[in-house]
Amino acid sequence: MPEYINGGTEKLHELARQNRKKYAAAEPFPHIQFDNFFNEGKLKEILAEFPSLIKTDATKFNNQNEKKLASKGEYLFGEQTKVFMHFLNSQPFLEFLEILTGIENLIPDPQFSGGGYHEIMPGGFLKVHADFNKHPVYKLDRRLNVIIYLNKNWEDSFGGAFELWDKDMKGMVASVMPLFNRMVVFSTNDFSFHGHPNPLTAPEGRSRKSLALYYYTNGRPAHEINHGLENHSTLFKARPGAGEKVEDSLFSKNSLKNMVLEITPPILIKAAKSILKGKK
């Protein structure tokens, strides 16, 4: 396994212990950013493998809520990226996340459902939202997001800031620019509103690139359960005074089907169809 963290597992645990209180106290919900977290040389190799998603069979979102590109599963990953993403789903990194966040028994997602490569082109955006709260296949509770930015020489004028909003959607509390080798970790529930709502102003030829990973548990604390909304897709919110419109994305039979199709790797869909055909 390549050494992605200088100092290895011991250093990971130390960083988690040092930042646990900072993570828990962060507003508007638990989160933290780390700069220059990974071995820079290794991350440069991963950036070099990042494909132009517009030229692939990646999912292409283009609606009132979002205009972005996202890979499906790991099939678009280059070899270095695949090893790196598997490391981020491994025991050492899970232990780091558990110590940092206090969330025990984290479960990674080997399918990278909704995660993996993310890319936003000039003019693209992702309106403020709370994430879907159940894994579409395993039905586990989504608890934690990790985002790793891959944007070298990024300028403020390009936009693309990751925004964190308060529970009542009255205002933005924090923002993070998507700089190369910057990692953001944050807890997810029905009120952890976040997004990249302003259209990207980067010049042609530049895009906002990131890697996203989601982590789950079997159940969640009672105080995080939004009764009557136990199973939902992404909950988009309009910013006050922005004159925005958002599309309702609560689960229905059709919206659930569409979301599963969007984020499930094609090989799994093909296998499921073959099984169902064989039962007829």
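This report concerns the structure included in the present document. Treat the numbers as computed from the prediction; the structure is a model and nothing was measured.

**Quick notes on the packing of aromatic side chains**
Here is step 1 of the chain: Applying the stated criterion across every chain, the model contains 16 aromatic pairs.
Here is step 2 of the chain: Seen from their ring centres, F38 and F84 are 5.1 Å apart, and the 85° between their planes marks the pair as edge-to-face. Taken as a pair, F38 in the loop between β1 (31-35) and α2 (40-49) and F84 in helix α3 (residues 79-88) lie far apart in primary sequence, 46 residues in all. Both residues of the pair, F38 and F84, count as buried.
Here is step 3 of the chain: Geometrically, the ring pair formed by W154 and F158 is edge-to-face, given 5.0 Å between the ring centres and 85° between the ring planes.
Here is step 4 of the chain: Residue classification places F158 among the buried residues on the basis of a relative accessible area of 8%.
Here is step 5 of the chain: Each residue in the set Y4, F34, F37, F38, F84, F87, F93 and F96 is aromatic and connected to the rest through ring pairs, giving one cluster.

**Some thoughts on the side chain of H194**
Here is step 1 of the chain: Considering the arrangement of structural elements, one finds H194 in strand β11 (residues 194-196).
Here is step 2 of the chain: Since its relative accessible area comes to 4%, H194 is described here as buried.
Here is step 3 of the chain: Polar contacts involving the side chain of H194 include one to the side chain of D131, which spans 3.3 Å.
Here is step 4 of the chain: At 2.8 Å, the side chain of H194 forms a polar contact with the backbone oxygen of S192.
Here is step 5 of the chain: Excluding its chain neighbours within four sequence positions, the residues that come into contact with H194 are F29, K127, V128, H129, D131, N145, F162, E163, L164 and F186.

**Focus: unusual backbone geometry**
Here is step 1 of the chain: Look at the link from E27 to P28: it is a cis peptide, with omega at 10°.
Here is step 2 of the chain: As for its placement among the helices and strands, P28 is situated in the loop between α1 (8-25) and β1.
Here is step 3 of the chain: A positive phi angle, close to 50°, is found at F112, a residue other than glycine.
Here is step 4 of the chain: You can see F112 is positioned in the loop between β4 (107-108) and β5 (116-120).

**Concerning the side chain of H196**
Here is step 1 of the chain: With respect to the element layout, H196 can be found in strand β11.
Here is step 2 of the chain: Beyond its immediate stretch of four places on either side in the chain, H196 contacts I120, G124, F125, L126, K127, G160, A161 and R208.

**Some points on empty space enclosed by the protein**
Here is step 1 of the chain: Counting across every chain of the model gives two cavities of 30 Å³ or more.
Here is step 2 of the chain: For the largest cavity, the calculated volume is near 50 Å³.
Here is step 3 of the chain: As for the largest cavity, its lining consists of N89, D109, F112, S113, G115, A212, L213 and Y214.
Here is step 4 of the chain: Taken together, the residues of the lining of the largest cavity sort by class into four nonpolar, three polar and one charged.
Here is step 5 of the chain: What the second largest cavity holds in volume is close to 30 Å³.
Here is step 6 of the chain: Lining the second largest cavity, in full, are D131, F132, N133, R142, T188, N189, D190 and R220.
Here is step 7 of the chain: When the residues that make up the lining of the second largest cavity are grouped by side-chain class, the tally is one nonpolar, three polar and four charged.

**Overview of the pairing of strand β7 (residues 141-149)**
Here is step 1 of the chain: With nine of its nine residues buried, β7 lies for the most part within the structure.
Here is step 2 of the chain: Note: β7 against strand β12 (residues 208-217), eight bridges, orientation antiparallel. What sits directly across from L144, in β12, is Y215.
Here is step 3 of the chain: With six bridges connecting them, β7 and strand β10 (residues 182-187) associate as antiparallel partners. Paired with L144 across the bridge in β10 is S187.

Reading the values: the criteria
- Residues numbered from 1 in each chain as written.
- Predicted model: local features only at pLDDT ≥ 70, side-chain atom pairs only at ≥ 80, totals over all residues.
- Heavy atoms only, no water.
- Phe/Tyr/Trp six-rings, centres within 6.5 Å; stacked < 30°, edge-to-face > 60°.
- Helix = DSSP H or I, 4+ residues; strand = E, 2+ residues; numbered from the N terminus.
- Buried < 20%, exposed > 50% of the residue type's maximum accessible area, 1.4 Å probe, protein only.
- Polar contact = N/O pair within 3.5 Å; in protein donor to acceptor, adjacent residues only side chain to side chain.
- Contact = heavy atoms within 4.5 Å.
- 1 Å grid on protein atoms, 1.4 Å probe; cavity = no way out; pocket = protein on both sides within 12 Å on 5 of 7 lines; lining within 4 Å.
- Points joined across faces, edges and corners; volume = space filled by probe spheres on them.
- Nonpolar A, V, L, I, M, F, W, Y, C, P; charged D, E, K, R; others polar.
- Pairing = 2+ DSSP bridges.

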